[in-house]
Amino acid sequence: MLKLAIYGKGGIGKSTTTANLAAAFAVLGKKVIQIGCDPKSDSTINLLGGNPPQPVMDYIRAHEEEPERIEDIAREGFGGVLCIETGGPTPGLGCAGRGIITTFGILDNMDLFETYKPDIVLYDVLGDVVCGGFAAPIRRGFADHILIVTSGEKMSLYAANNINTAVLNFSDRGYAKVKGIILNRRDVEQEQEKVEAFAREHDLEIIADIPRSPDIIRFEDQGMTVIEGDETLPISQTYLKLAEKLLENTI
């Protein structure tokens, strides 16, 4: 089982990257689970035709108890990808990271991985604030590898540096390590040079270079990934090649 946690600044295209990777793995014949670890609960929306599952924290608030069946909090999307959203607290109340910790505990109690037997597990994790909850995939051994999505924008690289620093803080405990950087282009000035300099400084590999593409927006408007929309498109082939590379380098 390959378990990847994908981190990045909010709005950098992390969820788009994760969902397209999930779809790409599915097209390659893999059984995939995607877990959205963001209070916005929009990680899996483009795998589900624009209709995400009920987030775990919403279920708990509505029923005043934890779910007992995976069907209560998960839905199958494109390619059979099992989609789960952690959700978060009522806006303005509570800690958003608590939703991740609570969800992970519930999935543990359900023996999800042992029962579902996925080939790939993807965690889509907000990286603006790497607090205890948002660092759960790093700290608790849920993920084997971490991918950082960044552009050449200053605040995106700042968040990438914070994420990498958080991972290094656990380097002596055998937890997940950064596998590499995904450059998700915003076409800012000297973008490639800036990201390459960051990668060199932190001894990290740029494992994918995702160009800006109007096809992504076109298919997201229809509640789809580009992989589902047209896997022959150049942008779709970029995600498929990334999925193949990750499989080759980690199995």
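Residues numbered from 1 in each chain as written. Predicted model: local features only at pLDDT ≥ 70, side-chain atom pairs only at ≥ 80, totals over all residues. Heavy atoms only, no water.

Draft legend 1. Representation of helix α2 (residues 56-63). Among all positions in α2, only Val 56, Met 57, Tyr 59 and Ile 60 are buried. Across the axial projection of α2, the buried residues extend over an arc of 155°, all falling on one side. Looking one or two residues past α2, Glu 64 carries a phi angle of roughly 55°, positive in sign. (Buried < 20%, exposed > 50% of the residue type's maximum accessible area, 1.4 Å probe, protein only. Helix = DSSP H or I, 4+ residues; strand = E, 2+ residues; numbered from the N terminus. Arc of directions from axis to C-beta.)

Draft legend 2. Region of the structure containing the side chain of Thr 16. Summarising the element assignment, Thr 16 is placed in helix α1 (residues 14-27). A distance of 2.7 Å separates polar atoms of two side chains, one belonging to Thr 16 and the other to Glu 220. In contact with Thr 16, other than residues within four places in its own chain, are Ile 216, Glu 220 and Tyr 239. (Polar contact = N/O pair within 3.5 Å; in protein donor to acceptor, adjacent residues only side chain to side chain. Contact = heavy atoms within 4.5 Å.)

Draft legend 3. Representation of the confidence of the model for the protein within the structure. Considering every residue of the protein, the mean pLDDT works out to 90; 92% of them sit at 70 or more. Confidence, expressed as mean pLDDT per element, reaches its minimum in the protein at helix α5 (residues 136-139) with 76 and its maximum at helix α9 (residues 226-229) with 98. (pLDDT = per-residue confidence, 0-100.)

Draft legend 4. Representation of the packing of aromatic side chains in the model. The final tally for this structure, using the stated rule, is 3 aromatic pairs. Ring geometry for Tyr 123 against Phe 142: centres 6.4 Å apart, planes inclined by 75°, an arrangement best described as edge-to-face. Taken together, the residues Tyr 123 in strand β5 (residues 120-126) and Phe 142 in the loop between α5 and β6 (145-150) connect sequence positions 19 residues apart. According to the relative accessible area criterion, Phe 142 is buried, its value standing at 8%. Through a chain of ring-to-ring contacts, the aromatic side chains of Phe 104, Tyr 123 and Phe 142 assemble into a single cluster. The ring of Tyr 116 is capped by Lys 31, whose NZ or CZ atom sits 4.3 Å from the centre of that ring. (Phe/Tyr/Trp six-rings, centres within 6.5 Å; stacked < 30°, edge-to-face > 60°. Lys NZ or Arg CZ within 6 Å of the ring centre and 35° of its normal.)

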